[in-house]
Structures are given as C-alpha cells and as structure tokens.
2 protein chains.
Amino acid sequence: MLTTWWQNRLFGAGYRLTAPREIVIDILIETDNHLSVEDIYVKALKINPSIGLATVYRTLDLFAQIGIAQKFDFGDGKARYELTDNPKKDHHHHLICIRCKAIIDYSDFMKEELRLMDKTQAALSQKHQFKIMHHTIHFYGICEKCRKSH
Amino acid sequence: MLTTWWQNRLFGAGYRLTAPREIVIDILIETDNHLSVEDIYVKALKINPSIGLATVYRTLDLFAQIGIAQKFDFGDGKARYELTDNPKKDHHHHLICIRCKAIIDYSDFMKEELRLMDKTQAALSQKHQFKIMHHTIHFYGICEKCRKSH
DNA sequence: GTCCCTGCAAACTTTTTGCATGAAA
DNA sequence: TTTCATGCAAAAAGTTTGCAGGGAC
C-alpha cells in the first residue's frame, strides 16, 4: 500500500495514522481556502459523527507543527487552516476588511513577491537560526461594501 | 491649545477626547512594540486604577478602525496592538516561532519590500476598491531554542 | 503488549455585551 | 442638554486540559 506525502510526514515525525487524522486531511485537501476550526469540525461530523472537537484542534495543531498545514489568524477571533501545498489552489496572499472581516485572496505580483520572500527567508533563516516553514502577507483595510455603508 | 495628529483623527471621525483614550495613546507612544491588550490594561491601571478592561478593548478597536493603531494576531490567542506610525520604531516585519510564540522583529530588505508592497497595494486598492490601511508580513517557523530542545 | 490517540466534559482565556452612571461637546 | 463613552459584571466564544477507554503498531 502506497503512503502519501502527508503520511510520510506523519510517520517521519513519529506519529500514528488514525481515522480522525485522515478525515481532517481529506477535508483540507478538498477545500480551497482558510477553513475555521469549527468549519472543519462540522464537515468532519458528517463523515464520522463521533469525532470530538478537541481532536480536531489537536490534529490541526499537529499538522501545523509538522508542516502539513498552515495556521492563519485574520483578526476575527478564530484560527483558520489551509494546506501548505494545495493542488487546488496556487500560492496566494490576503486582503482583509477590518470592519466585516471579509477575506479576499489575491495572486497579483506573486512572482515578484515570491522572489523577494525567498531571498528574505534565506537571509533571516541564516541570521536568526530559524527554520522557516511558511510566510503570510496580509493587507488590511476597508472593503468596498463597508466604505459605502459608511 | 494644539491638537495632535491622533486627536485630529479622533475628531475627524466624530469621536470624543476622553481620559482613557489619552492614557492608551500615551502607552502606545512610549512603547516600541506589539503589546497585548492585557499588557496595555496593566500599564493603564498604574496611571488610572479605575480604568476598565472593556474600555481598553473598545479603545484599541476604535484606534484600529480609524487608523491610529494596527491590530496583530500572531497565533498565540491574544490580539496585539502597535501604533501605525511610531517615531520610536521604524517599519518592520515579523518572524514568529510556532512552538514558543516568540516574536522577532526584522527590517532587512525593508526598502525592497516596501517598494513591492506599495506597488501591490496600489494595484489591489484599485482592483478591489479597497481602502488599504496597512500590511503585515510574517514568517513562521521554529526558533533556534525550540529546535535544540527538540 | 505498549504507548499513543481519542472522546468527553470541565476548565480556562480572551473578548464582547448590556446597562446605568457620568462626562464631553 | 444631548449624546457618547465608561465601568462593572455577566456572558459568550474559542481553545486547552485531564482522564479513562480504545486502537495503532
């Protein structure tokens, strides 16, 4: 039986393959963006109604630790997660409304941004002896709708 | 009597000048980085022991809305705030440890980053009709200490 | 068989809200 | 004098933890 990239990571870091972990990964794989923990939990319940919320939290935290997923905080009070490498969605950054918390993904200037990010990352890794796993770029402002509704 | 830049912003947006707002601004001005709400509250209590935590939350949220301060979420479960323009601290970005939540400020490649950010910001403002107020760049990874303590 | 992982419930932390009082304009 | 803002307390929301039973290897 074939082991997938994420199973390799799990085993490589000394963890076991369990049903909840498979369910959470499947949900992340088939979704294209930033689900909240609650979102993931609700989807997981439909697959296995006995899964616990605490397990979902623990699983997502584990995935972030071993680099399978990224944790995002957009300032709306809930953590969100996204696969580190999602075949359904290219690398992108975010535009966030500080009023209504809407999130818009963008990928303009990605090539230039990534070139600069790679360079910066290399320098920072070296200088601070950090093992950098990912980065985020967020622009905060007020969206069209919120500007109009004053 | 002279009105300061932040007072102008307050009045301009139709808000009143109150003691708690002055206290919070003073704390932000004299500190150079990302204080948590609790940090700010504790400092405020020393100046005026009757100030309420809820007021600090409301004040900081207001400051973020009108562009006086920036709200940051580093993934440690608490919001942090920093002045938008702090004379004591140049523009910088962040390196965050996903294990111990340590935050390191950096300002390498700032000139290049800012040039690219300005360009991106202009394009995004236009394209999405967003009024962009600020941006953040975060690198996430594992710090030297956490790597060593496995 | 051993040790890790899970589900459940309770606890904890951070943030928000309602409301009567008090202060700014 | 009219609103707006505050302080307090209670509630809500999100996340973490302890523990006993069950499952992966």
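Residues numbered from 1 in each chain as written. Chains lettered and ligands numbered in written order. Predicted model: local features only at pLDDT ≥ 70, side-chain atom pairs only at ≥ 80, totals over all residues. Heavy atoms only, no water.

A negative phi angle is the norm for most residues apart from glycine, just as the trans form is the norm for most peptide bonds. The backbone of Lys101 of chain A shows a phi angle near 70°, a positive value even though the residue is not glycine. Tracing the backbone shows Lys101 of chain A in the loop between strand E4 (93-97) and strand E5 (103-106). Positive phi outside glycine occurs at Gln129 of chain B, with the angle close to 55°. As for its placement among the helices and strands, Gln129 of chain B is situated in the loop between helix H5 (110-128) and strand E6 (131-142). (Helix = DSSP H or I, 4+ residues; strand = E, 2+ residues; numbered from the N terminus.)

This part takes up the sheet that holds strand E1 (residues 35-36) of chain B. All names here are of chain B. In space, the three strands of this open sheet follow the order E1-E3-E2, with antiparallel pairing throughout. Among the strands making up the open sheet, the edge pair consists of E1 and strand E2 (69-73). Two strands pair when backbone bridges link them, and E1 and strand E3 (residues 79-83) are joined in this way by two bridges, in the antiparallel orientation. Across the sheet, Leu35 pairs through a bridge with Tyr81, a residue of E3. Sitting on the sheet, helix H2 (residues 19-29) is in contact with E1, E2 and E3, with an inclination near 80° to E3. (Pairing = 2+ DSSP bridges. Contact = heavy atoms within 4.5 Å. Axes fitted to C-alpha atoms, helices over the stretch in contact; angles between N-to-C directions.)

Looking now at the relation of the copies chain A and chain B. Superposing chain A onto chain B takes a rotation of 180° plus a shift of 0.0 Å along the axis, which leaves an RMSD of 0.1 Å. Both copies are brought into coincidence by an operation consistent with a two-fold rotation axis. Among all residues of chain A, the minimum C-alpha distance to the rotation axis is found for Ile137 of chain A, at 2.3 Å. (Least-squares fit on C-alpha atoms with pLDDT ≥ 70 in both.)

To continue, consider the protein's contact with DNA strand D. Around DNA strand D, 21 residues are found, and the nearest of them are Arg16 and Tyr57 of chain A together with Thr18, Thr55 and Arg58 of chain B. Of everything in DNA strand D that lies within 4 Å of the protein, sugar and phosphate atoms constitute 69%. The contact in question runs from a phosphate oxygen of DNA strand D to an N or O atom on the backbone of Leu17 of chain A, over 3.1 Å. At a separation of 3.1 Å, a phosphate oxygen of DNA strand D approaches a polar backbone atom of Gly52 of chain B. Mapped onto the surface near DNA strand D, the elements with two or more residues apiece are helix H4 (53-65) of chain A together with H2 and helix H4 (53-65) of chain B. (Near = heavy atom within 4 Å. Polar contact = N/O pair within 3.5 Å; in protein donor to acceptor, adjacent residues only side chain to side chain.)

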